[in-house]
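# Secondary and tertiary structure notes
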Amino acid sequence: MSVTVLGAGSIGVSFAILFACRGFDVAVYDPFEDALPRAADDLRERLKQLDLTDPAVAEARVRFTAQLDDALAGATFVQECAPERVDLKQELLAHAAARTAEDVPLASASSAIVPSRLAEGLDASVAKRILVGHPGNPPYLLPVIEVVPSTVTAESITRRVTEIYRSAGLRPVLVRREVEGFLFNRLQGALLREAYCLVRDGVAGVDDIDEVVRSGLGLRWSFIGPFETADLNTRGGIESHAAKMGPAYERMGAERGQHDPWTPDLIAEVTGQRRALLDLDDWDERVRWRDRQLIRMRAPNAV
Ligand SMILES: NC(=O)c1ccc[n+]([C@@H]2O[C@H](COP(=O)([O-])OP(=O)(O)OC[C@H]3O[C@@H](n4cnc5c(N)ncnc54)[C@H](O)[C@@H]3O)[C@@H](O)[C@H]2O)c1
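This report concerns the structure included in the present document. Since this is a predicted model, take the numbers as computed values, not measurements.

### A closer look at the pairing of strand E4 (residues 77-80)
Side chains of E4 alternate between two faces, with Phe77 and Gln79 and Val78 and Glu80 buried alike. Alignment of strand E1 (residues 2-6) against E4, held across four bridges, turns out to be parallel. Paired with Thr4 across the bridge in E4 is Val78. Sheet topology note: the E4/strand E5 (residues 106-108) ladder contains three bridges and is parallel. Within E5, the residue paired with Val78 across the bridge is Leu106. Following the chain from E4 across helix H5 (residues 86-98) to the adjacent parallel E5, one finds a crossover that is right-handed.

This is the structure in structure tokens:
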């Protein structure tokens with residue numbers, strides 16, 4: 001497996017570390033000559049920090065080049081990590097398509113540009129190879145990656161990219177529709193928007209809001225998501241949670257000019273998906289499991 005990373009900035013270097021640590025050969029391209037030694041130093045330092053038995057082995061799997069065609073020679077997967085500009089990314093992707101085999105997937109790390117926009121104006125044979133593979137930062141420490149195909153991305157390409165990411169130790173999540181911010185930044189944005197409002201309204205200071213996440217929400221969220229949290233917070237599961245807490249959350253949303261009620265159909269959908277994951281008969285055991293996770297990570301001053 002030979003991965004070409006386009007762009008040797010913070011995400012490009014992080015992807016190189018991820019793939020190299022999993023035994024892939026990696027070629028990293030950056031058009032700026034001075035970016036390459038900086039990236040090589042950055043890669044070495046980050047590898048050292050990882051406490052690997054032999055960081056030199058991973059380091060030796062990565063080569064840096066300022067020649068695009070050299071970087072693309074023999075690539076079986078392309079991960080584009082260039083600056084967040086449509087024109088620049090399009091040009092790179094089109095070039096990468098022309099210099100690689102026609103079944104080689106072209107994934108962009110773009111945080112905000114949807115894949116249809118990246119594929120706009122490109123030949124259909126190229127467009128079908130393009131999707132977004134949006135990582136957390138840095139991808140070698142945060143395993144989630146959002147896989148976002150456009151409406152014209154070939155299913156075989158989406159499947160292949162998902163397999164490649166899995167084999168690199170990532171946990172791919174499929175984003176079924178192209179929405180701005182995908183999942184990661186939309187969820188992050190919802191919390192951050194509210195946090196800003198709370199500071200603006202003098203409800204709490206910045207560090208106290210961070211404390212609520214550090215010492216509360218974030219501890220649970222490090223191993224279960226918001227849906228499972230709600231499911232385990234109320235006996236009877238998420239359906240019961242929605243009946244009890246739904247109206248209060250609705251009022252809080254309305255205060256911010258939001259009107260997205262949890263309709264009976266929506267609650268039924270969410271409940272159905274949760275019950276497929278956790279039968280209510282197993283709910284007590286799962287609550288005990290949640291508590292065991294919290295005990296393992298409890299703060300020194302907790303009981
Ligand atoms: N930083 C984050 O937290 C984060 C998280 C997820 C996704 N992303 C996305 O990843 C991409 C890269 O972000 P970053 O933070 O690594 O940016 P960065 O500015 O650190 O790195 C970009 C690199 O691309 C190089 N570059 C410039 N022109 C180029 C070209 N024509 N071809 C190839 N490389 C070129 C630059 O020299 C630089 O080394 C962006 O699309 C960004 O939205 C960033």
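Resuming the write-up.
### Some thoughts on the site of the ligand
Lining the immediate environment of the ligand, one finds 23 residues, of which Ile11, Asp30, Glu84, Lys89 and Ser111 sit closest. Gly9 has a polar backbone atom sitting 3.3 Å from an oxygen atom of the ligand. Taking Ile11, its main chain carries an N or O atom lying 2.9 Å from an oxygen atom of the ligand. Against a free-state accessible area of 830 Å², the protein chains account for coverage of 75% of the ligand. Elements represented by at least two residues in the shell around the ligand include exactly helix H1 (10-21), H5 and strand E6 (130-135). Within the shell around the ligand, the residues separate by chemical class into twelve nonpolar, seven polar and four charged.

### Some remarks on the side chain of Ser14
Relative to the assigned elements, Ser14 resides in helix H1. Given a relative accessible area of 0%, Ser14 falls into the buried group.

### Considering the nonpolar core
In this structure, Phe15, Phe19, Val26, Phe77 and Tyr165 are the most contacted members of the largest nonpolar core, which totals 33 residues. Here this core gets seven residues from one element, more than from any other, and that element is H1. The contacts of Phe19, once residues within four sequence positions are left out, are Val3, Phe24, Val26, Phe77, Ile164, Tyr165 and Ala168. The next biggest cluster of nonpolar side chains, apart from the first, holds 26 residues, and it includes Leu72, Ala97, Ala119 and Val175.

### Focus on the environment of Ile130
Topologically, Ile130 is positioned in strand E6. Sequence spacing of Ile130 and Leu294 is 164 residues, and the spatial spacing of their C-alpha atoms is 41 Å.

### Remarks on the packing of helix H12 (residues 237-255) against helix H13 (residues 264-277)
It is the contact of H12 with H13, at a shortest axis distance of 8 Å, that shows an interaxial angle of 150°. The angle between H12 and H13 places the two elements in the roughly antiparallel class. Here H12 contributes Gly237, Ile238, Glu239 and Ala242 to the contact with H13, which in turn contributes Ile267, Val270, Thr271, Arg274 and Arg275. When grouped by side-chain class, the residues that make up the contact of H12 with H13 number four nonpolar, two polar and three charged.

### Structural notes on the pattern of salt bridges
Per the stated rule, a full pass over the model turns up 24 salt bridges. A salt bridge links Glu59 to Arg44, with the shortest nitrogen-to-oxygen separation between them at 2.9 Å. With Glu59 in helix H3 (residues 55-60) and Arg44 in helix H2 (residues 35-49), the pair connects residues that are 15 residues apart, well separated along the chain. Here Glu59 falls in the partly exposed class, since its relative accessible area comes to 24%. Given a relative accessible area of 33%, Arg44 falls into the partly exposed group. With a closest N to O distance of 3.0 Å, Arg160 and Glu163 form a salt bridge.

### A closer look at the state of the cysteines
All chains considered together, the criterion is met by zero disulfides. This cysteine, Cys21, is not joined by any disulfide, and Cys81 carries the nearest cysteine sulfur, 16 Å off. On the basis of relative accessibility, which here comes to 10%, the residue Cys81 falls in the buried class.

### With respect to the packing of H1 against H2
Running from N to C, H1 and H2 cross one another at 50°; their axes reach a closest spacing of 10 Å. Comparing the axis directions of H1 and H2 gives the class oblique. The hand of the H1/H2 crossing is right-handed. Side by side, H1 and H2 meet where Ser10, Val13, Ser14, Ala16, Ile17 and Cys21 of the first sit next to Ala39, Asp42, Leu43, Arg46 and Leu47 of the second.

The rules we used
- Residues numbered from 1 in each chain as written.
- Predicted model: local features only at pLDDT ≥ 70, side-chain atom pairs only at ≥ 80, totals over all residues.
- Heavy atoms only, no water.
- Buried < 20%, exposed > 50% of the residue type's maximum accessible area, 1.4 Å probe, protein only.
- Helix = DSSP H or I, 4+ residues; strand = E, 2+ residues; numbered from the N terminus.
- Pairing = 2+ DSSP bridges.
- Right-handed = clockwise from strand over helix to strand, strands pointing away.
- Near = heavy atom within 4 Å.
- Polar contact = N/O pair within 3.5 Å; in protein donor to acceptor, adjacent residues only side chain to side chain.
- Areas by Shrake-Rupley, 256 points an atom, 1.4 Å probe, with all protein chains shown as cover.
- Nonpolar A, V, L, I, M, F, W, Y, C, P; charged D, E, K, R; others polar.
- Core = buried A, V, L, I, M, F, W, Y, C linked by side-chain atoms within 4.5 Å.
- Contact = heavy atoms within 4.5 Å.
- Axes fitted to C-alpha atoms, helices over the stretch in contact; angles between N-to-C directions.
- Parallel < 35°, antiparallel > 145°, perpendicular 65-115°, else oblique.
- Salt bridge = Lys/Arg side-chain N within 4 Å of Asp/Glu carboxyl O.
- Disulfide = S-S within 2.5 Å.
- Left-handed = near helix turned anticlockwise from the far one by under 90°.

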